[in-house]
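Okay, here's what each chain looks like letter by letter:
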Amino acid sequence: MSISCVKRCTIYPVSVEGAAGYMRHMRQVHGTDRLFGTNCPLCDSNFIFTNFKSFMNHFRNHDLHLSSKETPPLSLLLNCNYFTSNNYDEIEYEQQEQGITLWQRENYDPLDDIKRKKGVLLQLYSDDLGVVNPLMDKNAIHKLTTFYISIDDLPACHSSSLSTVYLLLVYYRKDFEDENNHRILFAPLSQDLRSLENDGLILPGDKTPTYYTISAMCADNLATHEVGGFTRTFTTGCCCRYCFTHHKDMKHIYQKSQTLIRTTESYDIQIRHVEKCPRTNLCMEKRWKNIVYFSNLPFMLFDILDRIPYWFLYELFREIWDILYCDFPRKFWLSTLQALIEEFLQLFQTIFPEQFTPKFHFLLHSARNTAKYGPLKRQMNLRYEAKHHLLKQIANRGNNFINLPYTISKRVQLRQCYELIDENAFRLNNVSGKIRTRRTIIFHKSIQNALIEDSPFIYGDIVEFVKWVLIDNVKYKVGDFFVAHLLGGEEIPLFVKIKFIIHIVQQWRFIVQCYDTIAFRQNLWYYEIRPSNNNNILSKDEFLTHKAEDCYYINNSYFIRVPYRLTIIE
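As the structure is a computational prediction, the values presented were derived from the model and not from experiment.

This paragraph deals with the overall build of the protein chain. On a plain count of helices and strands, the protein chain comes out with 17 helices and 16 strands. Looking at the protein chain residue by residue over its 570 residues, the buried ones come to 44%. Long-range pairs, those at least 24 residues apart, make up 62% of the contacts in the protein chain between residues at least 6 apart in sequence. Total accessible area computed for the protein chain in this model is approximately 31400 Å², and 52% of it derives from carbon and sulfur atoms.

This is the structure:
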C-alpha cells in the first residue's frame, strides 16, 4: 500500500491526509489514550497494537520502507545525486578493480583525487570575534570580523582538522562602517575569487590549471543576512533569507508549500532598488548551537520523564536531528524529514505559541537545503568557531593591540608556512600514548584465545600496547565505545568497547568486548546494551569510526547513544 493511501483514522472515523497526517492525528488525539488499540493501515496483518509507542515505531518503519519505493518531490531532489550511495559503490568497485596494495594505501595522497577533478570547491565562513586587552578595563574590547576559507572536497579525516581552516581576511568591525572601506576591503577579495574561478591555478606537477569555485558561505543568522544584504532585524518584515514569509505570518505557516521561495531573479530585482554591496556575491548557510545539554537532557530528567506531558516534542525533534546530522542521508528520507519538521512546527506553535521564534521557521527549509547542498553537517560552524581560539591566543600572547588585525594575520601566516613546510602535511602520521609491553600469558584466557585466532599475525610472548592512539584524526582510547557494525535492514548498531590497543608489525589492532543491543529506548533516545562474553580483535578498517557517546549505567544495563543516524553504504 502507498503511504498516500492512508485517508482515515483506524480508531475513529476521521479523515487524514496521508501518512504524515495520520501520524500527526494519532499523536495529537490518541497519544494519551489509556485503552489504546489499533491495527496498522500499511500492512495486511490483523495484529492489534495496544502500546502507542510500539505502534508508532512499527508505522514509521513501514513508512520509511514504502517511501523508498516512491519518488520524492522534485523540490527535494535538487543536486542530490552527488550524495547517494551509488557514488561510493563506484569508488569501492574501482579500488577493487585497480587492486590497491598496502604500499599504495599508506602512500596515498588525498589531494591527487582533488587535482584529478580539476574543480575544487571552496567554503567561506564569516563571524565576529571579540578580544579584550587585559591591561585595560573590560570595555576595551577589540571587535574584529574574520573570514575563513577551507577546501570542501577534502576527506572527512582531513576536513575535521583545524589546520585545514585558513584565515582569509580580518579587520576591525568599526572600519567597516565607512562606506569607502567596503571597496578597500572586498575589492581584492572579489578579484582573487574571480581569478580562481575563471583562470585557475597550475599546481606543481600539472600542465593544466585547476579551477576553484565557492560552494557555500557559512555564518550565523546575523552574518548571513548582512552578507546577503537582507534585513538584520528578526522581529519585523520578511526576515527569512530563504522565502518571503512575513514575520507576523511565521507562526501560522507549517508547510513548505505555503511559502514563496526566494530566487536569483527575485534577488536581482530587489538589489536594483538598493546600493549594491561588494559582499552580495557570497552565498549563505546557517548554524547550529552546541548540543551537550540537549543530548543529555533525558538523563538529567530521568526520574520525572513520565510526568512531562510534552516530552513527545523532544522525541520528535531528536528524530529530525538524527536525519539532519547523518553523514549519508538517503533520498527517500527527505520527504519524511519534511513531514516531521512540519509536524513539529505545528505542535510546538500550538503548545508554546509565545516561544515560537524565526529560528523555528528556518527549520522549515532544512530538507530543501539538504537536497541542494548535501548533509548540513558539512556546513557546520562549530569547526570554524574553534579556530577563533587560536586567534585569541595569538592576540593575548602577543600583547600588542596597536594594530591587532595586522599582528594576528602576520602570525597566522608564519604558522601556516611552518605547517606547510612538511610535505606530509596531509598524510596523517599515527600518534599514540606511551608504548608499554605485556606478557601474553597475563591476559585473560578469552583474550589469549582471541590473539591465537587472529591469524594475520603471530603474537609472541610479549606484545606492545598503548592507552590511546590517533588514526586519521580519530582518537581511539581504552574504555571508549564504538559502533562496529550495522545489523540487518533496520541497521541496528552493534557496539564494542575497547579493552586493549596493540601495536604489531607497524599496525594497530584493537581487542574489544562485544555488547548485545537489547532495545532502542525512544523516550531516552538511547540504545540499551549489555555486555557479552565475546572478545574480538579488530583493525581500524573494521570500525565504522563512529564513536558512541555519553554511556550511562542504570539497573544493570548500559544506555548509550550515537550522535546521529548511521547508514550502510551499499
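Time to look at helix α17 (residues 445–453). Among all positions of α17, only Ile 447, Gln 448, Ala 450 and Leu 451 are buried. Looking straight down α17, one finds its buried side chains confined to an arc of 160°; they lie on one side. Those residues of α17 that are exposed and aimed more than 90 degrees away from the buried face are Lys 445, Ile 452 and Glu 453. The inward-facing, buried residues of α17 abut β11 (492–504), β12 (507–521) and β13 (526–539).

Okay, the sheet that holds strand β4 (residues 211–218) next. Sheet strands line up and pair through hydrogen bonds in the backbone, either parallel or antiparallel. Pairing is mixed across the open sheet formed by four strands, whose spatial order is β3-β2-β1-β4. In this open sheet, the two strands that pair with only one neighbour each are β3 (165–172) and β4. Shown here is a sheet whose adjacent strand axes are inclined to one another by a mean of 30°, direction ignored. Pairing of strand β2 (residues 141–151) with β3, which is carried by seven bridges, proceeds in the antiparallel orientation.

Attention now moves to the packing of aromatic side chains. One pass over the full model with this rule turns up 36 aromatic pairs. Seen in terms of ring centroids, Phe 443 and Phe 500 are 4.9 Å apart; in terms of plane orientation they differ by 90°. Their pairing is edge-to-face. Here Phe 443, found in the loop between β6 (436–439) and α17, pairs with Phe 500, found in strand β11; they are 57 residues apart in sequence, far enough to count as distant. Taking the centre distance of 5.0 Å and the plane angle of 45° together, the rings of Tyr 476 and Phe 510 count as tilted. Of this pair, Tyr 476 sits in strand β9 (residues 474–477) while Phe 510 sits in strand β12; the two residues are 34 residues apart in sequence, bridging distant segments of the chain. Across this residue pair, the class does not change: Tyr 476 and Phe 510 are buried. One aromatic cluster is present, built from ring pairs that chain together Tyr 310, Phe 312, Phe 317, Trp 321, Tyr 325, Phe 344, Phe 348, Phe 352, Phe 356 and Phe 360. Sitting over the ring of Tyr 384, Arg 383 keeps its end group 5.0 Å from the ring centre. Cation over ring: Lys 475 sits above Trp 468, and NZ or CZ is 4.9 Å from the ring centre.

Relative to the elements of secondary structure, Glu 342 occurs in helix α12 (residues 333–351). A residue is classified by how much of its surface remains accessible, and Glu 342, at 13% relative accessible area, is buried. Leaving out residues up to four positions away in the same chain, Glu 342 has contacts with Tyr 254, Gln 255, Lys 256 and Leu 364.

Cut-offs and rules
Residues numbered from 1 in each chain as written. Predicted model: local features only at pLDDT ≥ 70, side-chain atom pairs only at ≥ 80, totals over all residues. Heavy atoms only, no water. Helix = DSSP H or I, 4+ residues; strand = E, 2+ residues; numbered from the N terminus. Buried < 20%, exposed > 50% of the residue type's maximum accessible area, 1.4 Å probe, protein only. Contact = heavy atoms within 4.5 Å. Areas by Shrake-Rupley, 256 points an atom, 1.4 Å probe, with all protein chains shown as cover. Arc of directions from axis to C-beta. Pairing = 2+ DSSP bridges. Axes fitted to C-alpha atoms, helices over the stretch in contact; angles between N-to-C directions. Phe/Tyr/Trp six-rings, centres within 6.5 Å; stacked < 30°, edge-to-face > 60°. Lys NZ or Arg CZ within 6 Å of the ring centre and 35° of its normal.

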